[in-house]
Amino acid sequence: MLQTKALTKDAYQLMHDGILAFGRAERQGIRVDVEYCERKKAHLTRKIERVTKQLQNTKLLKLWNKIYGVKTNISSNHQLSRVLYKTMKIKPFKSTASGNQGATDEESLSMLGIPALDQILEIRKLTKVRDTYLDAFVREQVDGTLHPFFNLHIPRTFRSSSSNPNFQNIPARDKQAMMMCRQALYAREGHHWLAVDYSGVEVRMACIYTQDQKLIYDTVHGDMHLDMAVELYKLDSLDKNHSGEKNLRQGGKNGFVFPEFYGDYYGNCVPNLLKWARIATLKDGTPALVHLSDKGLVKLDKKGKVTNTDKFLKHVEKVEDDFWNVRYRTYSKWKKSWWSKYQKRGYIDMLTGFRCSGVMTKNECINTPFQGSAFHCLLWAFIRIDELAYEEEKWDSKPIGQIHDEISIDTHPEELEHVAETVQRVTCIELPEAWNWIDVPLEVEADLCPVNQPWASKQFYELPEVC
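I will try to describe carefully the structure that is included in this document. (Residues numbered from 1 in each chain as written. Predicted model: local features only at pLDDT ≥ 70, side-chain atom pairs only at ≥ 80, totals over all residues. Heavy atoms only, no water.)

**Let's talk about a positive patch on the surface**
A cluster of basic residues, Lys234, Lys295, Lys299, Lys311, Lys314 and Lys318, forms a positive patch at the surface. Sorting elements by how many residues they give to the positive patch places helix 14 (residues 310-327) first, with 3 residues. With respect to the helices and strands, Lys295 occurs in the loop between helix 13 (288-294) and strand 8 (299-300). Looking at Lys295, the relative accessible area reads 41%, which means it is partly exposed. (Patch = residues over 30% accessible without salt bridge, like charges linked within 9 Å, V, L, I, M, F, W, Y side chains within 5 Å. Areas by Shrake-Rupley, 256 points an atom, 1.4 Å probe, with all protein chains shown as cover. Salt bridge = Lys/Arg side-chain N within 4 Å of Asp/Glu carboxyl O. Lys, Arg positive; Asp, Glu negative; His and termini not counted. Charge placed at Lys NZ, Arg CZ, Asp CG, Glu CD. Helix = DSSP H or I, 4+ residues; strand = E, 2+ residues; numbered from the N terminus. Buried < 20%, exposed > 50% of the residue type's maximum accessible area, 1.4 Å probe, protein only.)

**Some remarks on the side chain of Lys398**
Turning to its location among the elements, Lys398 is positioned in strand 12 (residues 398-403). This buried residue, Lys398, is left without a salt bridge; Asp396 holds the nearest opposite charge, at 5.7 Å. Side-chain polar atoms of Lys398 contact the backbone oxygen of Trp395, separated by 2.3 Å. Discounting residues that sit within four places of it in the chain, Lys398 has contacts with Gln28, Arg188, Ala389, Tyr390, Ser408, Ile409 and Asp410. (Polar contact = N/O pair within 3.5 Å; in protein donor to acceptor, adjacent residues only side chain to side chain. Contact = heavy atoms within 4.5 Å.)

**Focus: the packing of helix 8 (residues 201-210) against helix 16 (residues 362-392)**
It is the contact of helix 8 with helix 16, at a shortest axis distance of 8 Å, that shows an interaxial angle of 115°. The two elements helix 8 and helix 16 cross, and the hand of that crossing is right-handed. Where helix 8 approaches helix 16, its residues Val201, Glu202, Met205, Ala206, Tyr209 and Thr210 are matched on the opposing element by Pro369, Phe370, Gln371, Ser373, Ala374 and Cys377. Tallied by class, residues from the contact of helix 8 with helix 16 come to 8 nonpolar, 3 polar and 1 charged. (Axes fitted to C-alpha atoms, helices over the stretch in contact; angles between N-to-C directions. Left-handed = near helix turned anticlockwise from the far one by under 90°. Nonpolar A, V, L, I, M, F, W, Y, C, P; charged D, E, K, R; others polar.)

**With respect to the nonpolar core**
Of all hydrophobic cores here, the largest spans 145 residues; its most connected members are Phe137, Trp193, Tyr233 and Phe256. Of all the elements, helix 16 adds the most residues to this core, at 15 residues. When neighbours within four sequence positions are excluded, Phe256 is seen to be in contact with Met228, Leu232, Gly251, Cys269, Leu273, Val316, Val319, Glu320 and Phe323. (Core = buried A, V, L, I, M, F, W, Y, C linked by side-chain atoms within 4.5 Å.)

**Quick notes on the pairing of strand 11 (residues 354-357)**
Only one face of strand 11 is covered, namely the one carrying Phe354 and Cys356; the face carrying Arg355 and Ser357 has none of its residues buried. Relative to strand 11, strand 1 (residues 3-6) is paired through 4 bridges, and the arrangement is antiparallel. Along strand 11, the bridge assignment pairs Gln3 with Ser357. Examined bridge by bridge, strand 10 (residues 347-349) and strand 11 share 3 bridges and lie antiparallel to one another. (Pairing = 2+ DSSP bridges.)

**Structural notes on the packing of aromatic side chains**
Under the definition given, this model contains 25 aromatic pairs. Here Trp435 and Trp437 contribute two aromatic rings whose centre-to-centre distance is 5.6 Å and whose plane-to-plane angle is 20°, an arrangement assigned as stacked. In terms of burial, Trp435 and Trp437 fall into one category: buried. Members of the aromatic cluster, joined through ring pairs, are Tyr209, Phe256, Phe261, Phe323, Trp324, Tyr328, Tyr331, Trp334, Trp338 and Phe370. Positioned above the aromatic ring of Trp324 is the side chain of Lys335, whose terminal nitrogen or guanidinium carbon lies 3.4 Å from the ring centre. Lying over the aromatic face of Tyr390, Lys398 brings its terminal NZ or CZ to 5.1 Å of the ring centre. (Phe/Tyr/Trp six-rings, centres within 6.5 Å; stacked < 30°, edge-to-face > 60°. Lys NZ or Arg CZ within 6 Å of the ring centre and 35° of its normal.)

**Description of the pattern of salt bridges**
Under the criterion given, the structure shown has 29 salt bridges. In this structure, Glu387 and Arg384 form a salt bridge, with 3.3 Å as the shortest nitrogen-oxygen distance. Here Glu387 and its partner Arg384 are both found in helix 16, 3 residues apart, which amounts to about one turn of the helix. Exposure remark for Glu387: the relative accessible area of 24% places this residue in the partly exposed category. Overall, Arg384 belongs to the buried group, its relative accessible area being 16%. Overlapping salt bridges, with partners in common, bring together Glu38, Lys41, Asp135, Arg139 and Glu140 in one network.

**Quick word on the pairing of strand 7 (residues 192-198)**
Counting buried residues in strand 7 gives 6 out of 7 residues, a clear majority hidden from the surface. Across 6 bridges, strand 7 lies against strand 13 (residues 406-411) in antiparallel orientation. Its bridge partner being in strand 13, His192 is matched across the sheet by Thr411. Looking at chain direction, strand 7 and strand 14 (residues 444-449) are connected through 6 bridges and run antiparallel. Directly across from Asp197, in strand 14, lies its bridge partner Glu445.

**Let's talk about helix 17 (residues 416-434)**
Given a rise of 1.5 Å per residue, 19 residues ought to cover 27 Å, and the 25 Å separating the end C-alpha atoms of helix 17 matches this to within 8%. Of all bends in helix 17, the biggest is about 40°, found at Val426. Summarising the contacts, the buried residues of helix 17 are in contact with strand 7, helix 16, strand 13, strand 14 and strand 15 (459-461). (Expected span 1.5 Å × (residues − 1). Bend = angle between axes of the 7 residues up to and from the residue.)

**Observations regarding the layout of surface pockets**
Considering only enclosed or pocket space, the second largest pocket measures out at about 320 Å³ in volume. Residue lining of the second largest pocket: 16 residues in total, with Thr4, Leu152, His153, Pro155 and Phe158 positioned closest to the centre. At the level of elements, strand 1 and helix 1 (9-28) are the ones that each hand at least two residues to the lining of the second largest pocket. Top element by residues in the lining of the second largest pocket is strand 1. It accounts for 4 residues. Grouping the constituent residues of the lining of the second largest pocket by class yields 10 nonpolar, 4 polar and 2 charged. (1 Å grid on protein atoms, 1.4 Å probe; cavity = no way out; pocket = protein on both sides within 12 Å on 5 of 7 lines; lining within 4 Å. Points joined across faces, edges and corners; volume = space filled by probe spheres on them.)

What follows is the structure, given as structure tokens:
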């Protein structure tokens, strides 16, 4: 079991003040449209019933019913795995972590190209939106306002968590689910919803801990995701503003760079890299998979389906070797040293003044200082913004929540420019001045919802220059 200890008075104070600041955000609350939630729940129920009827006529479900009879449960991944991989003998897109059976997560099922699976995924998604999110909004609201809890004592990674309802778990990646949920949530009447996000703060913490000069340069001045996509997909160049090629940059980012930083390996990266290639098109109109085939990295059948990835696997293995042993070799040496010190001492100390001890895996040991320190930066900024809003400048605008590296502020229109400028100053200037070990520039980005518009309406907002 991991144990956390504050080594300094400032570290203790950070947690103490953070609890108070989050408490005020909880009390302030988030406006919820209860009538919308009830209407949308009824609409989703009708849609789930309609898709379920369509599913009943598919070969997949008829076979499923034949095997399990009255015990058929389309929510059961165990049953689905048996039907797909043992009875139908379908080759899985990837295996479970244990390697004992084919995976049944959303990504794996969607890549099999079976329409009935798309219907199952649709039913599961709509059911989750209705029962896990919208129903929780109605259940937890008090007089049209949600008061989600924010906890500092639960996660193993020094981050926060949320409950009643879980504000940090509202869908963000699935656009349809995100819109249905966020359409229900608002700032106060006559106010904006301003969301300010620390840009790449975990990677910047990695820069500070490892002092890898190549990583620092790529983070501050370059674009490592684009660079890696060029290498991985064997491109001459990549235009991240092109609608087709930007998917390959996403592949480099989400399919390789982030997994590698968090301890994954090339074999698990290949399926995700190909997932992005399936939806990407080069500027000259060539589908990305055809490009990979032309480069001799994959084999395609007449329908354009990938039949062999052996050479791509070896290619990604070489890219990984270069990634750690050439490109970021200082980072790689730091990982070995950090892990060795933990094995000898049984604890790790973070720059923010906390000691973490107990049994950790190698990945946990290496990633905890990055994730923990990144959250402590966010927490420090949240506390400072709370102080300004309630005590020093007494804003009408108030912080109302925190999701990962993002702070949400219920903002009065007349205070918008001042609040935005202040947040920019607090996060990027005051924090590095307070914590002088931050020797890499910090950046934030912002989204803004128009007055009286739901959270789903957020758009990019250019933060004003700090005076």
